[in-house]
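Descriptive analysis of the structure
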Amino acid sequence: MSSIARFHPSPAIVVASIALLIALGGTSVAAVSVLAPANSVGSTQVIDASLQKKDFKPGQIPRGPAGKAGPAGPSDAYSRSVAKVTLAATPVTLVSLSIPQAGKYVIWAKAWFTTSALDDAAHCTLAAGTDTDATWSYFMGGERVTVPSLVVHEFAAAGTVEFQCAASAKTRAEGIKVTAIRVANLTSAG
């Protein structure tokens, strides 16, 4: 026992021991502060899929890989325009549009009318198969009146859309257009 009581460490050993403690202690403090910053949650606290959007600040949500693209829906569109047609008392076909393939369609037609008569009325029908939309428009001489029509139809095979109007021979239809767009789903009530 007398040999332990007599041992006095040299100043070099004291300095080396203090340096070793500081070095090891500093690394531990650094590791704890890097791996677990204040107010943080580590992977051991997170259960799979338990984090939600509200748990992140704006701009913090990591972007993962994009999901698989779904199948492309129908996107075919057909259109035909005619500059002008003089009307008659019996229906005149303003424009006829061929639909080359089966499918569900939303079909629009429009024309605007002018007359040299004091007043006139135009009766128009947009027809696709048995589905039709009929409109009446009354107008005075010098007025320009636009007539729109809309119909939905499912073609079982290729078909035709007809846009017809009747008025006096003093009335002219201009800016005539029919457009059909094929859609994936079509629900028509009423």
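Residues numbered from 1 in each chain as written. Predicted model: local features only at pLDDT ≥ 70, side-chain atom pairs only at ≥ 80, totals over all residues. Heavy atoms only, no water.

1. Points about the overall build of the chain
When helices and strands are counted, the chain shows 2 helices and 8 strands. Going residue by residue from the N terminus, the α and β elements of the chain occur as α-α-β-β-β-β-β-β-β-β. Taken across its 190 residues, the chain has 25% of its residues classed as buried. Looking at the chain alone, contacts between residues at least 24 apart form 75% of all its contacts between residues at least 6 apart. (Helix = DSSP H or I, 4+ residues; strand = E, 2+ residues; numbered from the N terminus. Buried < 20%, exposed > 50% of the residue type's maximum accessible area, 1.4 Å probe, protein only. Contact = heavy atoms within 4.5 Å.)

2. Side note on the sheet that holds strand 2 (residues 92–99)
Spatially, the 4 strands line up as an open sheet ordered 2-7-4-5, and their pairing is antiparallel. Sheet topology places strand 2 and strand 5 (131–140) at the edges, where each strand pairs with a single neighbour. Within this sheet the neighbouring strands show an average axis-to-axis angle of 15°, counted without direction. (Pairing = 2+ DSSP bridges. Axes fitted to C-alpha atoms, helices over the stretch in contact; angles between N-to-C directions.)

3. Details of the confidence of the model for the chain
Residues at a pLDDT of 70 or more form 77% of the chain, whose mean pLDDT is 82. Within the chain, no element has a lower average pLDDT than helix 1 (residues 2–6), which sits at 59, and none a higher one than strand 7 (residues 159–166), at 96. (pLDDT = per-residue confidence, 0-100.)

4. Side note on the pattern of salt bridges
Tallied over the full model, the rule gives 2 salt bridges. A salt bridge links Asp-76 to Arg-182; the nearest nitrogen and oxygen atoms lie 2.5 Å apart. Placement of the pair is Asp-76 in the loop between helix 2 (11–35) and strand 1 (77–86) and Arg-182 in strand 8 (residues 171–183), with a sequence separation of 106 residues. With a relative accessible area of 24%, Asp-76 lands in the partly exposed category. Taking the shortest distance from any N to any O, the salt bridge between Arg-172 and Glu-174 comes out at 2.8 Å. (Salt bridge = Lys/Arg side-chain N within 4 Å of Asp/Glu carboxyl O.)

5. Some thoughts on the sheet that holds strand 6 (residues 145–155)
On the basis of which strands lie adjacent, the open sheet formed by 4 strands has the order 1-8-3-6 and antiparallel pairing. The sheet is open, and its two edges are formed by strand 1 and strand 6, each paired on a single side. Across the sheet, the mean angle separating the axes of adjacent strands is 15° when strand polarity is ignored. When strand 1 meets strand 8, the two strands line up antiparallel, connected through 9 bridges. Note that in strand 8 the partner of Tyr-78 across the bridge is Ala-180.

6. Let's talk about a nonpolar patch on the surface
A surface patch of nonpolar side chains, about 260 Å² in accessible area, is lined by Trp-108, Leu-150 and Ile-181. Position of Leu-150 among the secondary structure elements: in strand 6. (Patch = residues over 30% accessible without salt bridge, like charges linked within 9 Å, V, L, I, M, F, W, Y side chains within 5 Å. Areas by Shrake-Rupley, 256 points an atom, 1.4 Å probe, with all protein chains shown as cover.)

7. Observations concerning the nonpolar core
Residues Leu-94, Ile-107, Phe-113, Val-161 and Phe-163 are the most contacted members of the largest nonpolar core, which totals 29 residues. For this core, the secondary-structure elements that each account for two or more residues are strand 1, strand 2, strand 3 (103–115), strand 4 (119–128), strand 6, strand 7 and strand 8. Look past the residues within four positions of Ile-107 in its chain and what remains in contact with it is Leu-126, Ala-128, Ser-149, Leu-150, Val-151, His-153, Phe-155, Val-161, Val-178, Thr-179 and Ala-180. (Core = buried A, V, L, I, M, F, W, Y, C linked by side-chain atoms within 4.5 Å.)

8. Regarding the environment of Ala-134
Relative to the elements of secondary structure, Ala-134 occurs in strand 5. Separated by 31 residues in the primary sequence, Ala-134 and Cys-165 place their C-alpha atoms 9.4 Å from one another. Beyond its immediate stretch of four places on either side in the chain, Ala-134 contacts His-123, Cys-124 and Thr-125.

9. A closer look at the pairing of strand 8
As paired strands, strand 3 and strand 8 are joined by 11 bridges and run antiparallel to one another. Across the sheet, the residue bridging to Ile-107 is Ala-180, located in strand 8.

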